[in-house]
Every structure is written in C-alpha cells, then in structure tokens.
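# Architecture and fold: a report
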Amino acid sequence: MASKWSPGSNSRRTFLKNTTGLVGLTLAPMNQAEHTAPGPSVVQGATELSLRINGRVYSLRAEPRTTLLDALREYLHLTGTKKGCDHGQCGACTVHVEGERITSCLTLAIMQQDKAITTIEGLANGDDIATARLHPMQEAFLKHDGFQCGYCTSGQIMSAVACVREGHATSDDQCREWMSGNICRCGAYPNILAAIREVASRQ
Ligand code: FES
Ligand code: FES
C-alpha cells in the first residue's frame, strides 16, 4: 500500500522550495508594472504666487502646499489673522475671499490667486492709522467688550461682518447658530453677541 506521507515529498523544506518559485512568478509582473507605469505628475518646490489682499497685490514664492493662513502670516507678515487649531475647527483664521468668509487654514494660497482677499488689516476704512476709521463691527466689539485675551477676535470680527451681510444675525439664536464656527476660549460670547446684534440692528 502506498504511503500517504513521505519526508522526501512533503517536508517543510520541499514546501518552501516549491512555493518560493510561485511567489517569484507572482511578484515579477507586479515589480515590472511598478517600474513602467507612469506616475502622477507632481509639482515640486517653491513656485511664484500672486495674492490680492486688501486691495494690494503681493508676490511671494511658496510651495504649492502652503495654506492661505501660512502665506498671510509667515510669508507676508499679515499676522492679524490667527492660527488656533489649523484644522478648520476654531475660526480664528477667518478671512473673506470674494466677500465670503472662509477658514484660511483649510485652503491653499495657490487656489486663491486673483481673488479679492480681505483680512482684519483691511477692514478699517483707510490705510493711514491717524485718519482711518474702524469698521462698525470693530467699534461695536470695543464698545461691548467683545474680547478678553483677543486671540479669537480677528476671526470673530471677520465672521461677524459676513454673518450680518448674509442676513444671519436677525435674532440672538440665529446669530449664535451662524457664529458657532468661531470658538472663544475666554467665553466672551454674550459680549460678542451684543456687538453683532447692535450692528445688525442698524442694517
Ligand atoms: Fe483655522 Fe482654527 S486655525 S479654523
Ligand atoms: Fe480669548 Fe476669545 S477673547 S479666546
């Protein structure tokens, strides 16, 4: 009677010897494909960017992955726009692009070229510090003490201006809802709300 098992035919060594060949066969086409397939085109290194901010055109060299927030703060030294979370969760980095509020940490500078960008530095009326008039929202924040440490304030004000313009500040509850993307760790919310509602009531 023929034996079902013999060390010569079914040993671990034989098994490895046979399967190594199979694995080699299987992997060979994959390796080949890896070498011949065209890769995605990658833009590397710094590139020229042009940004229109507060009515002025700024040129800079930055990597395509640079966020608008980093372009403003690190390259153009417009540090009024703050970095809180860098993840779109706190609103400290809010600016306007073509009049719409956006979190500048969640967009790339390269995507915002040739668009009208407004930051907190461009909100006051006039460049001359002696004659410039604060925006009514800035005045209202001062009047109502809409801040404590001030870190969230530029984002709050930029968001508040857009909130009123959008018609989303017609009641306290609506205002709270549409300002909920702007976090204040100091808890100045009642004062912020009072400032926004005062400006909205004049519309
Ligand atoms: Fe952009 Fe927080 S820093 S949302
Ligand atoms: Fe301090 Fe808002 S005033 S975080």
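Residues numbered from 1 in each chain as written. Chains lettered and ligands numbered in written order. Predicted model: local features only at pLDDT ≥ 70, side-chain atom pairs only at ≥ 80, totals over all residues. Heavy atoms only, no water.

## Section: the pattern of salt bridges
Put simply, the rule is: Throughout this description, the term salt bridge denotes a Lys or Arg side-chain nitrogen within 4 Å of a carboxyl oxygen of Asp or Glu. Only protein chains enter the accessibility calculation, which uses a 1.4 Å probe; a residue whose area is less than 20% of its type maximum is buried, one above 50% is exposed, and one in between is partly exposed.
Inspection of the entire model under this criterion finds ten salt bridges. For Lys83, the salt bridge goes to Asp86, with nearest N and O atoms at 3.6 Å. Note on Asp86: relative accessible area 31%, which makes it partly exposed. Glu139 is paired through a salt bridge with Arg133; the nearest N and O atoms lie 2.9 Å apart. Here Glu139 falls in the partly exposed class, since its relative accessible area comes to 32%.

## Points about the environment of Leu69
Heads up, the rule is: A helix here means a DSSP run of H or I that spans at least four residues, while a strand means a run of E at least two residues long, and both kinds are numbered starting from the N terminus. Note on contacts: a residue pair qualifies if any of its non-hydrogen atoms lie within 4.5 Å across the two residues.
Relative to the elements of secondary structure, Leu69 occurs in helix H3 (residues 68-75). Residue Leu69 is classed as buried on the basis of its relative accessible area, which comes to 0%. Each residue touching Leu69, except ones within four places of it in the same chain, is listed here: Thr81, Lys82, Lys83, Asp86, Cys93, Ser104 and Cys105.

## Quick word on the sheet that holds strand S5 (residues 116-118)
Strands belonging to one sheet form pairs held by backbone hydrogen bonds; the direction of such a pair is parallel or antiparallel. Put simply, the rule is: We treat two strands as partners when DSSP finds at least two bridges between them. To get an axis, fit a line to the C-alpha atoms, keeping to the stretch in contact for a helix; angles then go from 0 to 180 degrees between the N-to-C directions.
Taken in spatial order, the five strands of this open sheet run S2-S1-S5-S3-S4, and their pairing is mixed. What marks the edges here is a single partner per strand, and that holds for strand S2 (56-62) and strand S4 (100-103). Geometrically, the sheet is characterised by an average inter-axis angle of 40 degrees between neighbouring strands, direction not taken into account. Of the pairings in the sheet, the one linking strand S3 (residues 94-97) to S4 comprises four bridges and is antiparallel in character. Of the residues in S4, the one forming a bridge with Val97 is Glu100. In this fold H3 packs onto strand S1 (47-53), S2, S3, S4 and S5, with an angle of close to 95 degrees to the strand it touches most, S2.

## Some details on the nonpolar core
Applied cut-off: Note on terminology: a nonpolar core comprises buried Ala, Val, Leu, Ile, Met, Phe, Trp, Tyr and Cys residues joined through side-chain atoms within 4.5 Å.
If you look at the biggest cluster of nonpolar residues, it comprises 23 residues, and the most contacted ones within it are Met137, Phe141, Ile157, Ala169 and Ile196. Looking at this core, the elements with two or more residues in it are helix H4 (136-143), helix H5 (153-165) and helix H7 (189-201). For Phe141, the residues in contact, after removing those within four places along its chain, are Gly146, Phe147, Thr153, Gln156, Ile157, Ala160, Ile192, Ala195 and Ile196. Formed by 15 residues, the second largest nonpolar core is a distinct cluster that contains Tyr58, Leu68, Leu78 and Ile117.

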